[in-house]
Amino acid sequence: MSGPADDASTFELAVLGAGVSGLCLARAMLRDEAGGPSLVLFDGARDDDALRTLSFWAEGPTGLDDLVTARWQTVLVVPDAGPAVRVDLGPYEYRTLFFADLQRAVKEALRAHPRHRVLDARVEAIEPAGPERVRVRSSLGDFEARWALDSRLRPSDLDGRLGPHAVRLRQHFFGALVEARAGRFDPSCATLMDFRAPGAPGRAFFYLLPLDASRALVELVSLDPLDRGDTEPLLAAYLRDRCAVSAFEVRAREAGSSP
C-alpha cells in the first residue's frame, strides 16, 4: 500500500471530485507521509478562488484547525419578535474556514510528492479494470486505481432515497465578505440566525460571522429563491440598521442553493 504507482496513470486511490469530502479524505491520507497510498485527485470544477465558507461545530482539536479563519464560543439567535437569545456553547466552538484555503492546502501537498497527481479533468466513467482494479475515464485520458471514491453529488442520487411522502426543500443563500470603513464588528460573537428580515422572500434569516473587528461574512438565507439585485440592498440595510456598520467594501460574494 505504500509503494509508488506503477506508472504515471496507475494509482492506489483515485478521488473523484475536489469538494469537501474528497479534499478531507485526501488530506487525511497525506498525514501518513511514509505509508500513504499513491493518490490522484480529479477536479472538474476548477473553482479554487470562489468564495465558499465552511462552518462546523467542534469540541477539541480537529484535522482542519490550521485552516480555521475564526472561531466563536458564543452565538446569537434573534427571533422576528422578542428578545435575542445569547448562547454560551460551553466546551464547543463554532468554527469557519474558507473552502479555497482547504483546496489550496490539499493540492499543494499532493503536488509536492511525485507519487501523487492533481488533474483538472472531468470524470466521464468508472468501470472495472480487472481483479481489485477500476478504470477512471476522464477528459485527460484513462487512469487506473485499486480504489476509487466518487465524492461528486448529483441530485438524481437522492431520488431513490426519498420516500413517497418526502418534501424536497432547497435552502437559497446570498452573502458577501465585507470590510467595514465606518463602524466595527464584535468578533467574540457570531449571529447564527436573525429572523428580522423584512423584505426578504419567504421564511428567511440573516447570519453574521465576524472574522475580526473590521471583516465579516453577512448572508441572507431563505427557502425561496433569492435575486442578487434585490438581496444586496437587504444586506446593506442589515449591516447599517442591526450592526451599526454604515460604510463597507465588498471583498467577495457567494451564492447558491443546497438541498
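Residues numbered from 1 in each chain as written. Predicted model: local features only at pLDDT ≥ 70, side-chain atom pairs only at ≥ 80, totals over all residues. Heavy atoms only, no water.

Engineer: Break down helix α4 (residues 228–243) for me, with residues and values.
Structural biologist: Taking 1.5 Å of rise per residue, the 16 residues of α4 would be expected to cover 22 Å, and the 21 Å separating its terminal C-alpha atoms lies within 8% of that figure. All buried positions along α4 are accounted for by Thr231, Leu234, Leu235, Tyr238, Leu239 and Cys243. Down the axis of α4, the sector holding all buried residues measures 140°, keeping them to one side. In α4, those exposed residues whose orientation departs by more than 90 degrees from the buried face are Gly229 and Asp230. In this fold, the buried residues of α4 make contact with β12 (171–182), β13 (190–194), β14 (204–210), β15 (215–222) and β16 (247–258). Two or three places before Gly229, at the start of α4, stands the capping residue Asp227, its side-chain oxygen 3.0 Å from that residue's backbone nitrogen. After α4 finishes, the residue Ala244 shows a positive phi value of roughly 60°. (Helix = DSSP H or I, 4+ residues; strand = E, 2+ residues; numbered from the N terminus. Expected span 1.5 Å × (residues − 1). Buried < 20%, exposed > 50% of the residue type's maximum accessible area, 1.4 Å probe, protein only. Arc of directions from axis to C-beta. Contact = heavy atoms within 4.5 Å. Polar contact = N/O pair within 3.5 Å; in protein donor to acceptor, adjacent residues only side chain to side chain.)

Engineer: Describe unusual backbone geometry, listing the residues and the values that go with them.
Structural biologist: Generally, phi is negative for residues other than glycine and the peptide bonds are trans, each holding for most cases. Residues other than glycine seldom take positive phi values, yet Glu132 does so here, at roughly 55°. Topologically, Glu132 is positioned in the loop between β9 (123–128) and β10 (134–138). Accessibility expressed as a relative area gives 60% for Glu132, which makes it exposed. Located in the positive-phi region is Ala244, a residue other than glycine, with phi close to 60°. Within the secondary structure, Ala244 is located in the loop between α4 and β16.

Engineer: Describe the sheet that holds strand β3 (residues 53–58), with residues and values.
Structural biologist: If you walk across this open sheet you meet the 3 strands as β3-β7-β4, and the pairing is antiparallel. Each edge of the sheet is formed by a strand with only one pairing partner; in this case those strands are β3 and β4 (68–72). Across the sheet, the mean angle from the axis of one strand to that of its neighbour is 25°, orientation sign disregarded. The pairing of β4 with strand β7 (residues 93–98) spans 4 bridges and is classified as antiparallel. Within the sheet, the bridge partner assigned to Val68 lies in β7 and is Leu97. (Pairing = 2+ DSSP bridges. Axes fitted to C-alpha atoms, helices over the stretch in contact; angles between N-to-C directions.)

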